[in-house]
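Coordinate inspection notes
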8 protein chains.
Amino acid sequence: MNAESLHKLFQQVRKRSISPDEAVDRLRHMPFEDLGFAKVDHHRPLRVGMPEVIFGEGKTPAQVAQIFARLAKHGGNVLATRSSEAQYKQVKKKVRKAAYRPLARAIVLQSDLKVYGKGTIAVVSAGTSDIPVAEEAVVTAELMGNEVQHLYDVGVAGIHRLLANRASLTRARVVIVCAGMEGALPSVVGGLVGVPVIAVPTSVGYGSAFKGLAALLGMMNSCASNVSVVNIDNGFGAGYVASLINRL
Amino acid sequence: MNAESLHKLFQQVRKRSISPDEAVDRLRHMPFEDLGFAKVDHHRPLRVGMPEVIFGEGKTPAQVAQIFARLAKHGGNVLATRSSEAQYKQVKKKVRKAAYRPLARAIVLQSDLKVYGKGTIAVVSAGTSDIPVAEEAVVTAELMGNEVQHLYDVGVAGIHRLLANRASLTRARVVIVCAGMEGALPSVVGGLVGVPVIAVPTSVGYGSAFKGLAALLGMMNSCASNVSVVNIDNGFGAGYVASLINRL
Amino acid sequence: MNAESLHKLFQQVRKRSISPDEAVDRLRHMPFEDLGFAKVDHHRPLRVGMPEVIFGEGKTPAQVAQIFARLAKHGGNVLATRSSEAQYKQVKKKVRKAAYRPLARAIVLQSDLKVYGKGTIAVVSAGTSDIPVAEEAVVTAELMGNEVQHLYDVGVAGIHRLLANRASLTRARVVIVCAGMEGALPSVVGGLVGVPVIAVPTSVGYGSAFKGLAALLGMMNSCASNVSVVNIDNGFGAGYVASLINRL
Amino acid sequence: MNAESLHKLFQQVRKRSISPDEAVDRLRHMPFEDLGFAKVDHHRPLRVGMPEVIFGEGKTPAQVAQIFARLAKHGGNVLATRSSEAQYKQVKKKVRKAAYRPLARAIVLQSDLKVYGKGTIAVVSAGTSDIPVAEEAVVTAELMGNEVQHLYDVGVAGIHRLLANRASLTRARVVIVCAGMEGALPSVVGGLVGVPVIAVPTSVGYGSAFKGLAALLGMMNSCASNVSVVNIDNGFGAGYVASLINRL
Amino acid sequence: MNAESLHKLFQQVRKRSISPDEAVDRLRHMPFEDLGFAKVDHHRPLRVGMPEVIFGEGKTPAQVAQIFARLAKHGGNVLATRSSEAQYKQVKKKVRKAAYRPLARAIVLQSDLKVYGKGTIAVVSAGTSDIPVAEEAVVTAELMGNEVQHLYDVGVAGIHRLLANRASLTRARVVIVCAGMEGALPSVVGGLVGVPVIAVPTSVGYGSAFKGLAALLGMMNSCASNVSVVNIDNGFGAGYVASLINRL
Amino acid sequence: MNAESLHKLFQQVRKRSISPDEAVDRLRHMPFEDLGFAKVDHHRPLRVGMPEVIFGEGKTPAQVAQIFARLAKHGGNVLATRSSEAQYKQVKKKVRKAAYRPLARAIVLQSDLKVYGKGTIAVVSAGTSDIPVAEEAVVTAELMGNEVQHLYDVGVAGIHRLLANRASLTRARVVIVCAGMEGALPSVVGGLVGVPVIAVPTSVGYGSAFKGLAALLGMMNSCASNVSVVNIDNGFGAGYVASLINRL
Amino acid sequence: MNAESLHKLFQQVRKRSISPDEAVDRLRHMPFEDLGFAKVDHHRPLRVGMPEVIFGEGKTPAQVAQIFARLAKHGGNVLATRSSEAQYKQVKKKVRKAAYRPLARAIVLQSDLKVYGKGTIAVVSAGTSDIPVAEEAVVTAELMGNEVQHLYDVGVAGIHRLLANRASLTRARVVIVCAGMEGALPSVVGGLVGVPVIAVPTSVGYGSAFKGLAALLGMMNSCASNVSVVNIDNGFGAGYVASLINRL
Amino acid sequence: MNAESLHKLFQQVRKRSISPDEAVDRLRHMPFEDLGFAKVDHHRPLRVGMPEVIFGEGKTPAQVAQIFARLAKHGGNVLATRSSEAQYKQVKKKVRKAAYRPLARAIVLQSDLKVYGKGTIAVVSAGTSDIPVAEEAVVTAELMGNEVQHLYDVGVAGIHRLLANRASLTRARVVIVCAGMEGALPSVVGGLVGVPVIAVPTSVGYGSAFKGLAALLGMMNSCASNVSVVNIDNGFGAGYVASLINRL
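Conventions and cut-offs
- Residues numbered from 1 in each chain as written.
- Chains lettered and ligands numbered in written order.
- Predicted model: local features only at pLDDT ≥ 70, side-chain atom pairs only at ≥ 80, totals over all residues.
- Heavy atoms only, no water.
- Helix = DSSP H or I, 4+ residues; strand = E, 2+ residues; numbered from the N terminus.
- Buried < 20%, exposed > 50% of the residue type's maximum accessible area, 1.4 Å probe, protein only.
- Areas by Shrake-Rupley, 256 points an atom, 1.4 Å probe, with all protein chains shown as cover.
- Pairing = 2+ DSSP bridges.
- Axes fitted to C-alpha atoms, helices over the stretch in contact; angles between N-to-C directions.
- Contact = heavy atoms within 4.5 Å.
- Polar contact = N/O pair within 3.5 Å; in protein donor to acceptor, adjacent residues only side chain to side chain.
- Salt bridge = Lys/Arg side-chain N within 4 Å of Asp/Glu carboxyl O.
- Phe/Tyr/Trp six-rings, centres within 6.5 Å; stacked < 30°, edge-to-face > 60°.
- Lys NZ or Arg CZ within 6 Å of the ring centre and 35° of its normal.
- Right-handed = clockwise from strand over helix to strand, strands pointing away.
- Left-handed = near helix turned anticlockwise from the far one by under 90°.
- Nonpolar A, V, L, I, M, F, W, Y, C, P; charged D, E, K, R; others polar.
- Arc of directions from axis to C-beta.
- Expected span 1.5 Å × (residues − 1).
- Parallel < 35°, antiparallel > 145°, perpendicular 65-115°, else oblique.
- Patch = residues over 30% accessible without salt bridge, like charges linked within 9 Å, V, L, I, M, F, W, Y side chains within 5 Å.
- Lys, Arg positive; Asp, Glu negative; His and termini not counted.
- Charge placed at Lys NZ, Arg CZ, Asp CG, Glu CD.

Here the focus is the overall build of chain A. On a plain count of helices and strands, chain A comes out with 10 helices and 9 strands. Split into buried and exposed, the 248 residues of chain A put 60% on the buried side. Of the roughly 9500 Å² of accessible surface on chain A, 52% is carried by carbon and sulfur atoms.

See below:
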C-alpha cells in the first residue's frame with residue numbers, strides 16, 4: 001500500500017503531470033504513516049471529542065486564563081483540572097462560556113456536546129472525601145461525550161449500601177472506583193461486575209495511609225482480575241481511560 | 001422485572017398452584033439478583049468464555065493436576081499460570097488435551113474456541129526478559145477468545161524498532177505493554193495509539209529496579225493519559241482486563 | 001426463623017389477607033437479614049451507645065456545625081474529632097449542649113450517659129506530646145459509656161514511673177497505649193498486664209521517626225503477644241476497639 | 001499476702017528472733033512480688049490456660065524437641081508454631097501426646113482441655129493460601145481454651161460467599177480475619193459485625209504485595225473502626241489477643 | 001545508705017517504738033530507692049551536671065517560659081532546644097539569666113559552671129547548613145560541663161580542609177560529626193581519629209536526600225568501625241552521649 | 001617542580017641565607033601541593049571558568065547579597081541558584097552587573113565570557129513544568145563557557161516532537177535530559193544519540209511520583225547504556241558535569 | 001538538504017534516468033534522517049568500537065554460547081557480563097578466541113584492538129568486595145578501546161591510601177568510582193579531581209545497606225558537583241559512559 | 001616534635017652533613033605525620049590492642065585461612081567474624097592457636113591478653129535469637145582487652161527480669177544492647193543507667209520487622225538520650241565502639 005501510493009507519485013512525475021517541486025511538496029504533506037514512519041500529528045483522528053487539558057495546580061490565574069483562551073480557539077472542549085475559583089474568574093473574563101465545577105475543582109468549556117460513548121460510565125467513591133477525585137473523573141468523562149452515573153459514599157465497611165446499588169453498577173459499560181485509606185472498594189466492585197474497573201487511589205486518610213500509597217498498593221494487589229489502576233488522585237486519567245474504553 | 005417475577009410467585013401462591021412451603025423453597029433457589037441483593041453466582045453470565053484459572057506457583061504437581069482436572073470438567077477453558085513442566089506432566093496424565101506453553105509458563109486447556117473479542121489485542125514487550133510476562137498475557141487473551149498480535153523486544157532505547165511497527169499497533173483495539181527496568185515503554189506506546197493501554201511492570205532488572213518497583217512507579221506516573229496499570233509481573237491480569245475491553 | 005417469617009408472608013397471601021402487590025412491597029421493606037442476606041442497617045442493634053462521629057480535619061466550621069446538628073437529632077452521643085475551637089464555636093451556636101475538649105481537640109455531645117463498659121479502660125501515654133492522641137481515645141471511650149483512667153508521661157526511659165503505677169494498670173479490663181518515637185511502651189505495658197493492649201503509634205518525633213512509621217513498625221513487632229495496633233494518631237479507633245472489648 | 005509476709009518479718013524482729021541486720025538481708029532476698037513491686041513471675045496468675053510457646057522456624061528438630069519436652073513438664077499446653085514434620089518427629093519421641101497440625105504447621109500438646117473462652121472466636125480467611133496463617137490462629141485459640149469456627153476462602157472479590165455466611169460471623173464474640181494481597185477483607189467483615197476484629201496481614205501475593213506490606217497498610221487504614229492489626233503472618237498473635245478478649 | 005534506712009526501721013521495730021503494722025506501712029511509703037529496686041528518681045546521682053531539657057518546637061512562647069522557669073528553680077543548667085527568639089523573649093521575662101544562642105536555636109541557663117568532662121569534645125560539620133545542628137551539640141556539651149572545639153565547613157569534597165585541621169581532631173577525646181546530603185564525613189573523620197565518633201545525620205539536602213534518610217543510611221553503613229549514630233538533626237543527643245563518654 | 005622549590009629552600013639554608021628556623025616556617029607556609037600531599041586550594045587550576053556558586057534557598061536576601069558581593073570580587077562568574085527576585089534586588093544593589101534569570105530562578109554575574117566548551121550542550125526537557133530545572137542547567141553551562149541549545153516540551157508520549165528535532169540532538173557533544181513523572185525521556189534520547197546523557201529527575205508530578213523518586217528510579221534503570229544520573233531537581237549538577245565533559 | 005536530495009530523485013525520474021520502481025526502492029533505502037524521521041540503524045556510525053553485549057545472568061551456558069557466537073560474527077568485540085565459568089566453557093567451544101576474566105565475571109572477545117579513548121580512565125574502588133563491579137567497568141572500558149588504570153581498596157576510612165595515589169587520579173580523563181556501604185568515596189574523589197566522576201553504588205554491605213540503596217542515595221547526594229551516578233552494581237554502564245566521554 | 005625533626009634536617013643541611021638533594025629525598029620519605037599532614041599509617045599508635053579483623057561471610061574457607069594466617073603474623077589478636085566451622089577448620093590447620101566461638105560465629109586468635117579497658121562492658125540482649133549478635137560484640141570486646149559481662153534474654157515484655165539484674169548493669173562503664181523486633185530494649189536500659197549505651201538492631205523477627213529496619217528505626221528514635229546506634233546485626237561495631245569508650 002505504501003509502495004503503491006509512492007509508485008503512483010513517481011509515475012505522475014514521470015508523466016510530468018506533476019513537477020518535482022510539487023512532488024516533494026506532496027511527499028511532505030502525505031500522512032507520515034504512508035511512509036511507514038512516525039507521523040507529525042498522529043493523534044488528530046483519535047482526538048475527536050477529546051478535551052484539551054490544562055493542569056491548573058501551581059499556575060497563576062493569569063496563566064490558566066491565557067492557556068485556556070488559546071485552547072478554546074481550537075473549537076473543542078477545554079478542561080482545566082485542579083483549578084481554583086480565582087483561576088476560574090480570570091478564565092471567565094476571556095472565555096464567556098467557561099463554567100466552574102467546584103466539587104471537581106475544574107473549569108470546563110463544553111463546545112462539543114456530541115455523545116461518543118456507547119454506554120454508561122459508573123463512577124463510584126468510597127467516602128465523601130474522595131468526591132473531588134471522583135468528580136474530576138465525572139467531568140472528564142462528560143467532556144469526552146459520555147453518559148456518567150455516580151454512586152458516592154459506598155465504602156466497604158458498609159457493604160449493604162454498595163449492594164443496594166448493584167443494579168446501576170451492572171448497567172455500566174465501564175466502572176471507575178475512587179477510594180483512599182485501605183483502597184478496598186475496587187476489589188469488591190470488581191467482584192460484582194463483569195466489565196473493566198479503573199481504580200483510582202486517593203490521598204484521603206492519614207498516618208500510615210501515606211498520602212495514597214496504602215490505597216495504591218491495595219489496588220495493585222486486587223484479587224479481582226478486572227481491575228487496573230491509575231495514579232493517586234488521578235481522576236482525570238481514570239475518566240480518560242474509561243472514555244476510550246466506552247468508545248470502543 | 002424483579003418485582004414481576006416476585007409478583008408472579010405470590011400470585012401462584014394466591015391461586016394455590018403452589019404451596020407456601022414450595023414458594024419459600026423457590027424463593028430460596030431463585031437467582032439472588034431477582035431479589036435485588038447479592039447473587040450466588042453473579043459471575044455466570046459474565047463468565048462465558050472466561051477461563052478457569054489456577055495460580056501454579058507454590059503448588060505441588062499433584063495439587064495442580066487435581067485442581068486442573070476438576071475445573072476441566074466444567075467444560076470451559078482452563079489456565080494454570082506460573083506452572084512448571086513437572087506440573088504439566090501430572091496434569092497431562094489426567095487431562096489429555098491439556099497443552100504446555102513454555103514461554104508463558106502456562107498449562108492450557110482450550111475447549112471453547114469461540115472468538116469473543118471484537119478486534120485485535122496487541123501485546124508489546126520491551127526486552128527479551130519480559131517475554132514470559134508478555135506471553136502470559138498472550139495466552140490469557142487467547143483463552144478468552146481474542147485474536148492476539150505480539151511485538152517483542154521494542155524497548156525505548158531503540159525507538160526506531162517500535163516506530164517501524166506502528167502500523168500493527170494502531171490496528172489494535174487494546175494494547176498491553178510489558179516492561180521492566182525503567183518501565184518507559186507504555187508512555188511511548190500510549191502516545192502512539194488512541195486506544196486503552198494496559199501497562200504491566202515486570203520484575204526484570206537489578207539493583208534499584210527493586211524487583212519491579214521502579215517500573216511500577218514509572219507506569220503509574222505515565223504522561224500518556226490512556227495508560228492504566230496492573231501488578232508487577234501480572235501478565236494474566238493484563239490479558240484479562242484487555243479481553244474484557246475487547247468484548248465491549 | 002427466616003423461613004418462618006417468609007412462610008407467614010406466603011400464607012397471608014394464600015389466605016388473601018394481603019395482596020401479591022402488598023406482599024412484594026412488604027418483602028422489599030423487610031429488614032434484609034430476614035432474608036438471610038445483607039441488611040439495610042445492620043449496625044442498628046450494635047450501635048446502641050456508639051457515638052455518631054465526624055472527622056473534623058479539613059472541614060470548614062460551617063460544615064462541621066451542619067453535620068453535627070443533623071447527627072445530634074438522632075438523640076445519641078456525637079463526637080467530632082480533630083476539631084478546632086473555631087469549629088466548636090459554630091457547632092455551639094446550633095447545638096447548645098455541645099462541649100469542647102481542647103486536649104483531645106474534640107467537640108462532644110453526651111446525651112446518653114449510660115455505662116456500657118463492664119470494667120475500666122486504662123489509657124497510657126509515653127510523653128506529653130502524645131496526650132492529644134491519648135485524650136482522643138479517652139473522649140471516645142467516655143462517649144461510648146466507659147469508665148476511663150489515664151496514666152500519662154510514663155515513657156520507657158523512666159520505667160520506674162510506669163512501675164509505680166502498675167496497680168492501676170492491672171485493674172483495667174483493656175489498656176490503650178499511645179506512644180511516638182520508638183513506640184516501645186506497648187511492649188512493656190503488654191508484659192505487665194494480662195489483658196488486651198491496643199497500641200496507638202503517634203506521629204510524635206522527628207527525623208527518622210518518619211511521622212509515626214518508626215513507632216508503627218515497633219508496635220507491629222511487639223514481643224508482647226497481647227498487643228494489637230491501630231493507625232498512627234488514631235486515638236479514636238483505639239477508644240472504639242477498647243470500648244467494644246469492654247462491653248463483652 | 002504481701003503484707004502478711006512482711007508483717008511476719010517485722011514481728012520476728014520485734015520478738016528479737018532475728019536481728020535487724022538479718023531482716024534487712026532477708027528483705028533483700030525475698031521474692032519481688034512480696035514487696036508489691038516488679039514481680040519475678042508476674043504472669044503466673046494471668047497464664048492460667050495460656051500455652052507455652054516455641055517459635056520453631058530456624059531451630060533444629062533436636063532443639064525444638066528439647067525445649068518442647070522441658071515445657072511439657074510444666075503440665076500446661078505447649079505449642080510450637082512454624083514447625084516442620086521433621087521437628088515433630090523428634091518431639092514425638094520425647095513427648096508421646098504431642099500431635100502435629102500440618103495446615104497450621106504447628107506441634108501441639110493439649111493437656112489442659114478446660115474451656116476458658118466465653119463465646120466463639122471466628123477465624124476468617126480470604127484465599128486458600130492464607131489458610132496456614134488462619135490455622136495458626138485457630139490452633140492457638142483452641143489451645144487457649146476457646147471454641148473456634150473457621151470460614152475460609154471468602155475473599156472480597158466474591159462478596160456473596162462472605163454474605164452467605166454472615167450468620168455464623170455475627171454469632172462470634174471476636175473475629176480474626178487473615179488476608180494477603182490488598183488486605184481488604186477485615187474492613188468488609190468489620191462492617192458486618194459489632195465485635196472486635198483482629199486483622200492479620202499475610203505475605204500472600206507477589207510483586208507490589210511486598211511480602212505483606214500492602215495488606216498491612218490496607219488493614220492499618222481500615223475504614224471499619226472495630227479493626228486492630230497484628231504483624232504480617234502472625235496468626236499466633238491474633239489467636240492470643242482474641243483469646244484474651246474472649247475470656248473477659 | 002539504703003541498708004542504713006532499712007536498718008533504722010527494723011531497729012525501731014525491735015525497740016517497739018513502732019509496731020510491725022506501722023513498719024509495713026512505712027516501708028510501702030518509703031522512696032523506692034531505699035529498697036534497692038526501681039527508684040523514684042534513679043537519675044539523680046547521674047544527673048549531676050546534666051541540664052534539664054525542653055524541646056521547644058511546637059510549644060508556645062508562654063509554655064516554654066513556664067516550663068523553663070519551673071526547671072530553673074532546680075538550680076542546675078536548663079536548655080531549651082529548637083527554640084525561637086519569640087520563645088526566648090518570654091523566658092527572659094521570667095528567668096533573667098537565661099541567654100539565647102541563635103545559631104543553635106537554643107535558650108540556655110548556665111548556673112553550674114563546673115567542668116565535668118576530662119578532655120575536649122570536637123564538633124565537626126560538613127557544610128554551613130549543618131551548623132544549627134552542630135551548634136545544638138556544642139551548646140549541649142557546654143552545658144554539661146565540657147570544653148568544646150568546633151570545626152565547621154570541612155566537607156569531604158574538599159578533603160584538604162579537613163586534613164589541615166587534623167591536629168585539633170586528634171586532640172579530642174570524643175568527636176561529633178554532623179553532615180547532611182551523603183553523610184560521608186563521619187567515615188573520613190572516623191578513619192583519622194582513634195576515639196569514638198558520634199555521627200549526626202542532618203536533614204540538609206534536597207531531592208533524594210529525603211530529609212536526612214540518605215545521610216542516616218550512609219552513617220549506619222560507615223566503613224569506619226568507631227562510628228555510632230543518633231537520629232537525624234539530633235544535635236542534642238550527640239552532645240549528650242559525647243558528654244557521658246567524656247566524663248568516663 | 002615540587003622538588004625544585006624544596007631544593008631551592010634547602011640550598012638557601014645551606015648558603016645560610018636563611019636560618020633553619022625560618023626554613024621550617026617557610027615550609028609550613030608553602031602551598032600544600034608543593035609538598036606533594038593534600039593541597040590548600042587544589043581546585044585552582046581546575047576552576048578556571050568555573051562559576052562561584054551560592055545555593056539561594058533558605059537564605060535571606062541580605063545573606064545572598066553579602067555572599068554574592070564577596071564572591072564577585074574574585075573576578076570570575078558568580079551563580080546563585082534557587083534564588084528569588086527579592087534576593088536578586090538585594091544583590092543588584094551591591095553588584096551592579098548581576099542579572100536575574102527568572103525561568104532558572106538564578107542570579108548571575110558573567111564576568112568571564114570566554115568559551116571553554118568544545119561543542120554544544122543540548123538541554124532537553126519533557127514538560128513545561130520541568131523548565132525551571134532545565135534552565136538551571138542551561139544557565140550553569142552558559143556561565144561555564146558553553147554553547148547551549150535547548151529543546152523543551154518533548155515528552156515521550158508525543159515521541160514525534162522529539163524525533164522531529166533529532167538533528168539538533170545529534171549535533172550535541174553532551175546531552176542533559178530533565179524529566180519528572182515517569183522519567184522516561186533520558187532512555188529515549190539515550191537511544192537516539194551516541195554521546196553521554198546526563199539525566200536529571202525532577203520533582204514534577206503528584207501522587208506516586210513521590211517528589212521525583214519515580215523519575216529517579218526510572219533513570220537509574222535506563223535501558224540506554226549512555227545515561228548517568230544526578231539528584232532530583234539538580235539542574236546545576238547536570239550543567240556542571242556536562243560542562244566538564246564538554247571541555248575534554 | 002532533505003528537500004534537495006528528494007528533488008534530485010524526482011528529477012531523475014522525470015528525466016527517466018531511473019524508473020519509478022527504482023525510485024521507490026531508493027527512497028526506501030535512503031538513510032531515514034534524510035527524510036527527517038527516525039532512522040533504521042541510527043547507531044551504526046556511533047557503534048564503531050562498541051562491544052556487543054550479553055547480560056549473562058539467568059541464561060543457560062548454551063544460550064550464552066549461542067548468542068555469543070552469533071554476535072562474534074559481526075567482527076567486533078563481544079562482552080558477556082555476569083557470566084560464570086560454566087557459561088564460558090560453552091562459549092569457548094564455539095568461539096576459540098573468547099577469554100574469561102574471572103574477577104569481572106566476564107567473557108570477552110577482543111577482535112578490535114584499536115584505541116578509541118584519548119586519555120586514561122581511572123577505576124577506583126573502596127573495598128575488596130567492590131572489585132567484581134570495578135573489574136566489570138575495567139573490562140568494558142578496555143573492550144571499548146581505552147587505557148584503564150585501577151586503584152583498589154582505597155576506602156574513605158583510610159583516606160591516606162587514597163591521597164597517596166592522588167597523582168595517578170589526576171592524570172585520568174574520566175574517573176569511575178565503585179563503592180558499597182555508605183558510598184562516600186565518589187565525593188572524596190570528586191573533590192580531588194577536576195574531571196567527570198561516574199559513581200557506581202555496589203550492593204556490598206549488610207543490614208541497612210539495603211543491597212546498595214544506602215550507597216546509591218549517598219552518591220545521588222554527593223557534595224562534589226562533578227559526580228553522576230549509574231545503577232547499583234552497574235560496572236558495565238559506568239565503563240560505557242566513561243568510554244563515551246573519553247572519546248570526545 | 002614535627003618542628004624538631006624538621007629543624008634537625010635543616011641544620012644538617014646547614015652543617016653540610018647532608019646535601020640539599022639528600023634532604024629533599026629524606027623529606028619525601030619521612031613518615032607523613034612528621035609533616036603534620038596525612039600520615040602513612042596513622043592508626044598504628046591507636047591500634048595497640050585492636051584486633052585485625054576479617055569479615056568471613058562470602059569467603060571460601062581457603063581464603064579466610066590465608067588472610068587469617070597472614071594477619072596472625074603481625075603478632076596481635078585476630079578476629080574473623082561471621083565465620084563457619086568449615087572456615088575454622090582451614091584456619092586451624094595454618095594457625096594452631098586459633099579457636100572457634102560457635103555462638104558468636106567467630107574465629108579468634110588471642111595473642112595479646114593485656115587488659116586495656118578501665119571498667120566492665122555489659123552486653124545485654126532481648127531474646128535468645130539475638131545471642132549471635134550479642135556474642136559477636138562480646139568476643140570483639142574481649143579481644144580488645146575488656147572485661148565483659150553479658151545479660152541475655154531480658155526482653156522488655158518481661159521487664160522484671162531486666163530490673164532484677166539492674167545492679168550488674170549499673171556497674172558497667174559502657175552498655176551494649178542488642179534487640180530485634182521492636183528494638184525497645186535500649187530505651188529501657190538507657191533509662192536505667194547513666195553511661196553510654198550502644199544499641200545494635202538485629203534482623204531477628206519476621207513480617208514488618210523488615211530484617212531489622214523496625215528495630216533500627218526504633219533505636220534511632222529512642223527517648224533515652226544516652227543511646228547511639230550501629231548497623232543492623234553489627235555486633236562487631238558495637239564491641240569496637242564500646243572498647244574505645246572503655247579505654248578512655
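Once you've had a look at it, read on.
On to the environment of C:Gly75. Counting through the fold element by element, C:Gly75 comes out in the loop between helix H3 (61-72) and strand E2 (78-81). Along the backbone, C:Gly75 and C:Pro51 are 24 residues apart, and their C-alpha atoms lie at a distance of 9.9 Å.

Let's shift gears to the sheet that holds strand E1 (residues 52-55) of chain B. All names here are of chain B. Sheet architecture is open: 4 strands sit in the order E1-E2-E4-E3, paired in mixed fashion. The open sheet is flanked by E1 and strand E3 (99-101), the only strands paired with a single partner. Across the sheet, the mean angle separating the axes of adjacent strands is 20 degrees when strand polarity is ignored. The pairing of E1 with strand E2 (residues 78-81) spans 4 bridges and is classified as parallel. The residue of E2 that forms the bridge with Val53 is Leu79. Sheet strands in contact with helix H5 (residues 131-143) are E2, E3 and strand E4 (106-109), and its direction is about 170 degrees off that of E2.

Attention now goes to the side chain of A:Ser187. The topology assignment puts A:Ser187 in helix H8 (residues 185-192). Given the relative accessible area of 1%, A:Ser187 is considered buried. A polar side-chain atom of A:Ser187 sits 2.8 Å from a polar atom in the side chain of A:Ser222. With sequence-adjacent residues up to four places away left out, A:Ser187 is seen in contact with A:Ser222, A:Cys223, A:Ala224, D:Val156, D:Ala157 and D:Glu182.

The tally for this structure, following the rule as stated, stands at 32 salt bridges over all chains. Ionic pairing is found between B:Glu142 and B:Arg101, a salt bridge with its closest N-O pair at 3.1 Å. Highlighted residues: B:Glu142 in helix H5 and B:Arg101 in strand E3, separated in sequence by 41 residues. The shortest N-O distance in the salt bridge between E:Glu57 and E:Arg82 comes to 3.5 Å. Within this pair, whereas E:Glu57 is found in the loop between strand E1 (52-55) and helix H3 (61-72), its partner E:Arg82 is found in the loop between strand E2 (78-81) and helix H4 (85-94), the two being separated by 25 residues in sequence. Given a relative accessible area of 11%, E:Arg82 falls into the buried group.

Here we take up the packing of aromatic side chains. In this structure the tally under the stated criterion is 28 aromatic pairs over all chains. Where F:Phe236 meets F:Tyr240, the ring centres are 5.7 Å apart and the plane angle is 55 degrees; that geometry is what we call tilted. With a gap of 4 residues between them, F:Phe236 and F:Tyr240 both fall in helix H10 (residues 235-247), about one helical turn apart. In this pair, the class of F:Phe236 matches that of F:Tyr240, namely buried. Sitting over the ring of B:Tyr116, B:Arg247 keeps its end group 4.5 Å from the ring centre. It is G:Arg82 that lies over the ring of B:Tyr206; its NZ or CZ is 4.1 Å from the centre.

Another point: the pairing of strand E6 (residues 147-151) of chain E. All names here are of chain E. Where strand E5 (residues 120-125) and E6 come together, 5 bridges link them in parallel fashion. Looking across to E6, one finds that Val123 is bridged to His150. Read from E5 through helix H5 (residues 131-143) to E6, the crossover connection turns out right-handed.

With that settled, consider the sheet that holds strand E3 (residues 99-101) of chain E. All names here are of chain E. With mixed pairing, the 4 strands of this open sheet are ordered in space as E1-E2-E4-E3. With one partner strand each, in any of the chains shown, E1 and E3 form the two edges of the open sheet. On average, each strand axis in the sheet is inclined to that of its neighbour by 20 degrees, with strand direction left out of account. Sheet contacts for H5: E2, E3 and strand E4 (106-109); angle to E2, the most-contacted strand, approximately 170 degrees.

So, on to the packing of helix H5 (residues 131-143) of chain H against helix H10 (residues 235-247) of chain H. All names here are of chain H. Interaxial distance between H5 and H10 falls to 7 Å at its minimum, and their mutual angle equals 40 degrees. Once H5 is placed against H10, the crossing between them reads as right-handed. Contacts between H5 and H10 involve Val133, Glu136, Ala137, Thr140 and Ala141 from the first element and Gly235, Phe236, Gly239, Tyr240 and Ser243 from the second. For the contact of H5 with H10, the residue count by class is 5 nonpolar, 4 polar and 1 charged.

Residue and element names in this part refer to chain B. Burial in helix H4 (residues 85-94) covers these residues: Gln87, Tyr88 and Val91. All buried residues of H4 project into a common sector of 100 degrees when viewed along the axis, lining one side. Among the exposed residues of H4, those pointing more than 90 degrees away from its buried face are Lys89 and Lys93.

Okay, helix H3 (residues 61-72) of chain F next. Residue and element names in this part refer to chain F. With 12 residues, H3 ought to run about 16 Å at 1.5 Å a step, and its terminal C-alpha atoms sit 16 Å apart, in line with that. Restricting attention to buried positions, one finds in H3 the residues Val64, Ala65, Phe68, Ala69, Leu71 and Ala72. Down the axis, H3 shows its buried residues gathered within 165 degrees of arc, on one side only. Lining the buried residues of H3 we find strand E1 (52-55), strand E2 (78-81), helix H4 (85-94) and strand E4 (106-109).

Residue and element names in this part refer to chain F. In the contact formed by H3 and H4, the axes pass within 8 Å of each other and the chain directions differ by 40 degrees. As summarised for this structure, H3 and H4 are arranged oblique, according to the angle between their axes. Seen from above, H3 lies across H4 with right-handed handedness. Contact residues: Pro61, Ala62, Val64, Ala65, Gln66, Phe68 and Ala69 in H3; Ala86, Gln87, Gln90, Val91 and Lys94 in H4. Broken down by class, the residue content of the contact of H3 with H4 amounts to 8 nonpolar, 3 polar and 1 charged.

A word on a positive patch on the surface. Judged by side-chain charge, A:Lys211, C:Lys211, E:Lys211 and F:Lys211 come together as a positively charged surface patch. By the element assignment, A:Lys211 lies in the loop between strand E8 (197-201) and helix H9 (213-220).

Here we come to unusual backbone geometry. All names here are of chain G. Unusually for a residue other than glycine, Lys211 sits at a positive phi of about 55 degrees. Although it is not a glycine, Asp233 adopts a positive phi angle of roughly 65 degrees. Residue placement: Asp233 occurs in the loop between strand E9 (227-229) and helix H10 (235-247). Take Asp233: its relative accessible area is 14%, and that puts it in the buried class.

Turning to the environment of F:Ile67, a few remarks are in order. Residues and elements named next belong to chain F. Of note, Ile67 is situated in helix H3. A relative accessible area of 22% places Ile67 in the partly exposed class. Once residues lying within four places of it in the same chain are set aside, the contact partners of Ile67 are Ile54 and Lys59.

Residues and elements named next belong to chain D. For Ser83, the position within the fold is in the loop between strand E2 (78-81) and helix H4 (85-94). At 3.1 Å, the side chain of Ser83 and the backbone oxygen of Thr81 are in polar contact. With near-sequence residues (within four places) excluded, Ser83 lies in contact with Gly56, Tyr100, Arg105, Ala106 and Ile107.

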